Amino acid sequence: MTNKFRTLDDVDVKGKRVLLRVDLNVPMDDGRVTDATRLERVAPTINEISDKGGKVILLAHFGRPKGRDPKESLKPVAEALSKVVKKPVAFADDCIGEPATNAVAALKDGDILCLENTRFHKEEEKNDPAFVAELAKLGDIWVSDAFSAAHRAHASTEGLGHKLPAYAGRTMQAELDALEKALGSPTKPVIAIIGGAKVSTKIDLLENLVSKVDALVIGGGMANTFLHAQGVGVGKSLAEKDLAATALRIMEKAEAANCAIILPVDATVAYHFAANAPSHAYGLDAIPADGMILDVGPQSIVRVQAAIDDAATLVWNGPLGAFEMQPFDRGTVAAAKHAAERTKAKKLISIAGGGDTVAALNQAHVAGQFTYVSTAGGAFLEWMEGKPLPGVEVLRTK
């Protein structure tokens, strides 16, 4: 797959100034990084370029600042990153102009420098050509390792790819390889599990997937909309009843494409949206009018597991129920553990992504057992919707 993209295998970085776009948008509390997952993900690329004698110049955004804001500075993140890469990480308090130019000029081969938040300049998000040119002056090549920002055509995520020789970093490369395995040229049959609260946020995704996969499991609040469209009474459950026609259209498209749609056959119902609220499993013909569907039922879990057994490739985005609250995490956890077992037995390629999905897999203690788990939310979804990502397209071999 990655032969379609230029990677670090295609360039000698020794002595070169490498502008490396990374995702350092980590959760912080009181000036401390509370979850270093994203730092750990980019560490291999940083260390590889440094070990090969490249001058590593990190570009990243942090938060959504309106101009310069000390609370959105990357300085504390750079300090945390130096612990992860086990090397000093210098810091420049701007990403262009004299502070950046002087800091880059002081670099020796193998040194690492983090430039200040690119979004302190409004020109970053506008992909302003003059701003791109200012950034480009600082480097000889551009390496993108931030798939999570690749759906945005910003100066540091896409613009630089038109000004400097452009390459994918190792995290980007792993993501592109995984997504190719998932939907580009997958081992068939392919199943997708799509959950979450609302159909309205995933119409493009569902319409793209029915033409790409052999079976589509729909769970979460989204499933209630589909059930309602088929005339099932869903009581007080979350459902977008005004999207019934959309749900039926997606089902028609699926039938025409020979894609099986797998909906719940029973449901776990409670009367209060709260953890450990008393609940009961009901068949679809018996959902109480004042009840709320908060998870799939036991028969649905068996059905989803059987669908996973029939698949060679699984793509997963979104939980099957209100997984944040016990016992309504049962369906999601059971399906996740089953997929992990099949993956471990080398019978399944499993690719998952999206914030809630990652949280659910972590809750089931199986995130490390999937073939690949993407930490990119929006970019992962847009890729699954079949949309070209500007920050990926610019890396393609011409």
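For the structure itself, look to the data block above.
In this report, we go over the structure that sits alongside the text. This one's a predicted model, so the numbers in the text were calculated from it and none came from an experiment. (Residues numbered from 1 in each chain as written. Predicted model: local features only at pLDDT ≥ 70, side-chain atom pairs only at ≥ 80, totals over all residues. Heavy atoms only, no water.)

Some remarks on the overall build of the chain
- Looking only at helices and strands, one finds 14 helices and 17 strands in the chain.
- The C-alpha atoms of the chain give a radius of gyration of 23 Å, which matches the 21 Å a tight globule of 398 residues would have.
- Seen through its C-alpha atoms, the chain measures out along the principal axes to roughly 70 × 45 × 40 Å.
- When contacts within the chain are restricted to residue pairs at least 6 apart in sequence, those whose partners lie at least 24 apart make up 74%.
- Measuring between centres, the 46 positive side-chain charges of the chain sit 3 Å from its 50 negative side-chain charges. (Helix = DSSP H or I, 4+ residues; strand = E, 2+ residues; numbered from the N terminus. Rg over C-alpha atoms; globule rule 2.2 N^0.38 Å. Contact = heavy atoms within 4.5 Å. Lys, Arg positive; Asp, Glu negative; His and termini not counted. Charge placed at Lys NZ, Arg CZ, Asp CG, Glu CD.)

Observations regarding the pattern of salt bridges
- Here the structure, examined in full by the defined rule, presents 16 salt bridges.
- Close ionic contact of Arg38 with Asp23 constitutes a salt bridge, the shortest N to O distance being 3.1 Å. Taken as a pair, Arg38 in helix H1 (residues 37–51) and Asp23 in the loop between strand S1 (17–21) and strand S2 (28–29) lie far apart in primary sequence, 15 residues in all.
- A residue is classified by how much of its surface remains accessible, and Arg38, at 24% relative accessible area, is partly exposed.
- Note that Asp51 is salt-bridged to Lys87, the shortest N-O span being 2.5 Å. Of this pair, Asp51 sits in helix H1 while Lys87 sits in the loop between helix H2 (75–85) and strand S5 (90–92), and the two are 36 residues apart along the sequence. (Salt bridge = Lys/Arg side-chain N within 4 Å of Asp/Glu carboxyl O. Buried < 20%, exposed > 50% of the residue type's maximum accessible area, 1.4 Å probe, protein only.)

Overview of the environment of Ser237
- Assignment of secondary structure puts Ser237 in the loop between helix H8 (220–229) and helix H9 (244–256).
- Setting aside chain neighbours within four positions, we find Ser237 in contact with Asn224, Gly291, Met292 and Ile293.
- Within the structure, Ser237 has its side chain in polar contact with the backbone oxygen of Val234 (distance 2.5 Å).
- At 2.8 Å, the side chain of Ser237 and the backbone nitrogen of Ile293 are in polar contact. (Polar contact = N/O pair within 3.5 Å; in protein donor to acceptor, adjacent residues only side chain to side chain.)

Points about the sheet that holds strand S15 (residues 313–317)
- Here we have 6 strands laid out as an open sheet, ordered S11-S10-S9-S15-S16-S17, and parallel in their pairing. Across the chains shown, the open sheet's two edge strands, defined by having one partner strand only, are strand S11 (260–262) and strand S17 (372–374). The average angle at which neighbouring strand axes cross in this sheet is 15°, direction not considered.
- Of the pairings in the sheet, the one linking S15 to strand S16 (residues 349–353) comprises 4 bridges and is parallel in character. Residue Leu314 lies in a different strand from S16, and its bridge partner there is Ser350.
- Against the sheet, helix H6 (residues 170–184) touches strand S9 (190–194), S15, S16 and S17, its axis set at about 110° to S17. (Pairing = 2+ DSSP bridges. Axes fitted to C-alpha atoms, helices over the stretch in contact; angles between N-to-C directions.)

A short note on the state of the cysteines
- Throughout the structure, instances matching the rule amount to 0 disulfides.
- Distance from the sulfur of Cys95, which forms no disulfide, to the nearest cysteine sulfur (Cys114) is 10 Å. (Disulfide = S-S within 2.5 Å.)

Focus on the sheet that holds strand S14 (residues 292–296)
- Ordered by their spatial adjacency, 3 strands build an open sheet running S13-S12-S14, and the pairing between neighbours is antiparallel. Each edge of the open sheet carries a strand with a single partner, namely strand S13 (279–283) and S14. Adjacent strand axes in the sheet meet at a mean angle of 40°, parallel and antiparallel pairs treated alike.
- With 5 bridges connecting them, strand S12 (residues 266–270) and S13 associate as antiparallel partners. Bridge pairing in S13 links Ala267 to Tyr282.

Digging into H8
- Judged by how many residues are buried, H8 sits mostly within the fold: 9 of 10 residues are covered.
- Buried within H8 are the following residues: Gly220, Gly221, Met222, Ala223, Asn224, Thr225, Phe226, Leu227 and Ala229.

Brief notes about the side chain of Ser144
- Summarising the element assignment, Ser144 is placed in strand S7 (residues 141–144).
- Of the residues examined, Ser144 reaches a relative accessible area of 2% and is grouped as buried.
- Ignoring any residue separated from it by four or fewer positions in sequence, one finds Ser144 in contact with Arg21, Tyr167, Ala168, Gly169, Met172 and Leu395.

Re the pairing of S16
- Here S16 lies mainly inside the structure; 4 of its 5 residues are buried.
- Regarding topology, helix H11 (residues 330–344) serves as the crossover connection from S15 to the parallel S16, and that connection is right-handed.
- Here 3 bridges tie S16 to S17, and the two strands are oriented parallel to one another. Bridge assignment links Ile351 to a residue of S17, and that residue is Tyr372.
- The parallel pair S16 and S17 is bridged by helix H12 (residues 355–363), and the resulting crossover is right-handed. (Right-handed = clockwise from strand over helix to strand, strands pointing away.)

Examining the side chain of Thr313
- Take Thr313: it is sitting in strand S15.
- A polar atom in the side chain of Thr313 sits 2.6 Å from the backbone oxygen of Thr187.
- If we skip the residues at most four places from it in the chain, Thr313 touches Lys181, Ala182, Pro186, Thr187, Pro189, Val190, Ile191, Leu348 and Ile349.

Considering the nonpolar core
- Phe147 and Leu216 are the most contacted members of the largest nonpolar core, which has 76 residues in total.
- With near-sequence residues (within four places) excluded, Leu216 lies in contact with Ala192, Ile194, Leu206, Leu209, Val210, Cys259, Ala260, Ile261 and Ile262.
- Membership of the second largest hydrophobic core comes to 29 residues, among which are Val42, Ile49, Leu58 and Ala78. (Core = buried A, V, L, I, M, F, W, Y, C linked by side-chain atoms within 4.5 Å.)

Some thoughts on unusual backbone geometry
- Residues Lys188 and Pro189 are joined by a peptide bond in cis, for which omega reads 0°.
- Of note, Pro189 is situated in the loop between H6 and S9.
- That bond from Gln326 to Pro327 is cis: its omega, 0°, falls within 30 degrees of zero.
- Mapped onto the secondary structure, Pro327 falls in the loop between S15 and H11.
- Positive phi outside glycine occurs at Asn127, with the angle close to 55°.
- Its location among the elements puts Asn127 in the loop between helix H4 (123–126) and helix H5 (129–136).
- In this structure, His365 takes a positive phi of about 60° despite not being glycine.
- Residue placement: His365 occurs in the loop between H12 and S17.
- Take His365: its relative accessible area is 67%, and that puts it in the exposed class.

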